[in-house]
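# Descriptive structure summary
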Amino acid sequence: MHIATGYRGRFAPSPTGPLHFGSLVAATGSFLDARHQHGEWLLRIEDVDTPREVPGATADILTTLERLGMTWDGPVSYQSKRTHLYEAALEQLQQQGHVYDCSCTRKELAGSTAYPGTCREGLPEGRSPRSLRVRVGDAAIDMPDRLQPAVHQQLAVDIGDFIIRRTDKLFAYQLAVVVDDGEQQINNVVRGVDLLESTPRQIYLQQLLGLPAPAYLHLPIAVDAGNAKLSKQTFAQRIDMDDLNSAIIDALRFLGQPLPDTPQDASREELWQWAIEHWDIRSIPTGRELPAPARYTASPATP
Ligand code: GLU
């Protein structure tokens, strides 16, 4: 197998809607960090959670990235076509004795921060298996981040045994992302800070599966006036396809990056060229959340 030696990063959007400012920031940060280091930048559509997929969203995201001039390396990969890899990983974990059946419903677990271990030693009498969980044992994970303060999690206390295959038989994001990053030899992950607390679980799975841990950089996330993360649920606006230069400029500003003197006059290519050259993670504002420019947040229902 070819082993990647240089920087290999990725952007991994979920096709739950068109690209909004929040996803543009993640795309921009991962793209610039990769290109600044003359690295590869892969595109992976995270459509493992099929019920959440919005028809047409994948095509929409791909077109937007193309029109933005963000070119990715190699073919686009789709989690929906990679089930065999997740199955193989599950089998490996099962053979190692790390996996058990769980019958607990979400309702039964409401209120507990960490999974209480109800099904760890076997299903309670009369109950049927629903999901599959991985045992975390006494794993303690220390995770450095290139931007955020280091994270320490005692998985048993902070999370508990966690789901790797859901009740609907779909593989959980945590497993899919680890298998994909491993198989695609991603050695640098740049994404939103909302995934910071998921990362120790991912590192734990990497350890069980014998996969190397990538370096992580968690970017501040864009929030609206009510401090909610931009998303479909908060009516985040799709970025304006007729003014993509402004969207790029806003994303660069959000990430604290310098701009050329008259950025609006630059072509898209010139803007990216400039941004790749000047990318500096020390200029990214610290903190987890930053307000997005208002025009990306307003709901169509809001007067
Ligand atoms: N698919 C995830 C999202 O759109 C990102 C996962 C990742 O970058 O690890 O939020």
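We now turn to the structure provided with this report. Please read these numbers as outputs of a predicted model, since none were measured by experiment.

### Notes on the packing of helix α3 (residues 83-95) against helix α7 (residues 199-209)
Interhelical geometry of α3 versus α7 gives an angle of 75 degrees and a closest axis separation of 10 Å. The angle between the axes of α3 and α7 places the two elements in the roughly perpendicular class. Here A89, Q92 and L93 of α3 lie close against α7, whose contacting residues are L205, L208 and L209. Residues that form the contact of α3 with α7 fall into these classes: five nonpolar, one polar and no charged.

### With respect to the pattern of salt bridges
Taken as a whole and assessed by the stated rule, the structure comprises 20 salt bridges. In this structure, the salt-bridge partner of R35 is D73, at a minimum N-O distance of 2.8 Å. Note that R35 is positioned in helix α1 (residues 21-36) and D73 in the loop between α2 (57-68) and β3 (77-78), a separation of 38 residues in sequence. Taking relative accessible area as the criterion, R35 reaches 17% and is therefore assigned buried. The exposure class of D73 is partly exposed, given its relative accessible area of 26%. Residue R120 is joined to D161 by a salt bridge in which the shortest nitrogen-to-oxygen separation is 2.7 Å. One end of the pair, R120, is in the loop between α4 (106-109) and β5 (131-134); the other, D161, is in the loop between α5 (155-158) and β8 (162-165), with 41 residues separating them in the sequence. On the basis of relative accessibility, which here comes to 2%, the residue D161 falls in the buried class. Each of R10, R44, E46, R82, D180, D181 and E183 takes part in salt bridges that share partners, so that together they form one network.

### Describing α2
Side chains that are three or four residues apart share a direction in an α-helix, a result of its 3.6 residues per turn. In a regular helix each residue adds 1.5 Å, so 12 residues correspond to 16 Å; α2 covers 16 Å between its end C-alpha atoms and thus fits that length. Every buried residue of α2 is accounted for by A57, T58, I61, L62, T64, L65 and L68. The buried residues of α2 occupy one face: seen down the axis, they fall within an arc of 165 degrees. Packed against the buried residues of α2 are β1 (8-11), α1, β2 (40-45), β3, α8 (244-254) and α9 (268-278). Remark: G69 follows α2 within two positions and exhibits a positive phi of approximately 85 degrees.

### Some details on the site of the ligand
The environment of the ligand is made up of R10, A12, P13, S14, E46, Y173, V177, R191 and L195. S14 has a polar side-chain atom sitting 2.8 Å from a nitrogen atom of the ligand. In the environment of the ligand, a nitrogen atom lies 2.6 Å from a nitrogen or oxygen atom belonging to the side chain of E46. For the ligand, whose free accessible area comes to 300 Å², the fraction covered by protein is 78%. Across the shell around the ligand, the residue classes break down as five nonpolar, one polar and three charged.

### What to know about unusual backbone geometry
Residues other than glycine seldom take positive phi values, yet K169 does so here, at roughly 75 degrees. Position of K169 among the secondary structure elements: in the loop between β8 and α6 (173-183). Overall, the relative accessible area of 47% leaves K169 in the partly exposed class.

### Comments concerning the environment of A172
You can see A172 is positioned in the loop between β8 and α6. Residue classification places A172 among the buried residues on the basis of a relative accessible area of 7%. For the pair formed by A172 and V48, sequence separation is 124 residues and the distance between their alpha carbons is 7.7 Å. Beyond its immediate stretch of four places on either side in the chain, A172 contacts I163, I164, R165 and R166.

### Comments concerning the packing of α8 against α9
Axes are the key here: two packed helices are described by the angle between their axes and the distance separating the axes. Interaxial distance between α8 and α9 falls to 10 Å at its minimum, and their mutual angle equals 10 degrees. Here α8 lies roughly parallel to α9, going by the angle between them. For the crossing formed where α8 meets α9, the hand is left-handed. Of the residues in α9, those in contact with L244, N245, I248, I249 and L252 of α8 are R268, L271, W272 and A275. Taken together, the residues of the contact of α8 with α9 sort by class into seven nonpolar, one polar and one charged.

### A look at the nonpolar core
Ranked by internal contacts, the top residues of the largest apolar core, which has 48 residues, are F21, L65 and L68. Contributing elements (two or more residues each) for this core: α1, β2, α2, β10 (215-219), α8 and α9. With eight residues, the top contributor of residues to this core is α1. In this view, F21 contacts A222, L230, Q237, I239, A247, D250, A251, F254, A292, P293 and Y296; residues no more than four positions away in its chain are not counted.

Criteria and thresholds
- Residues numbered from 1 in each chain as written.
- Predicted model: local features only at pLDDT ≥ 70, side-chain atom pairs only at ≥ 80, totals over all residues.
- Heavy atoms only, no water.
- Axes fitted to C-alpha atoms, helices over the stretch in contact; angles between N-to-C directions.
- Helix = DSSP H or I, 4+ residues; strand = E, 2+ residues; numbered from the N terminus.
- Parallel < 35°, antiparallel > 145°, perpendicular 65-115°, else oblique.
- Contact = heavy atoms within 4.5 Å.
- Nonpolar A, V, L, I, M, F, W, Y, C, P; charged D, E, K, R; others polar.
- Salt bridge = Lys/Arg side-chain N within 4 Å of Asp/Glu carboxyl O.
- Buried < 20%, exposed > 50% of the residue type's maximum accessible area, 1.4 Å probe, protein only.
- Expected span 1.5 Å × (residues − 1).
- Arc of directions from axis to C-beta.
- Near = heavy atom within 4 Å.
- Polar contact = N/O pair within 3.5 Å; in protein donor to acceptor, adjacent residues only side chain to side chain.
- Areas by Shrake-Rupley, 256 points an atom, 1.4 Å probe, with all protein chains shown as cover.
- Left-handed = near helix turned anticlockwise from the far one by under 90°.
- Core = buried A, V, L, I, M, F, W, Y, C linked by side-chain atoms within 4.5 Å.

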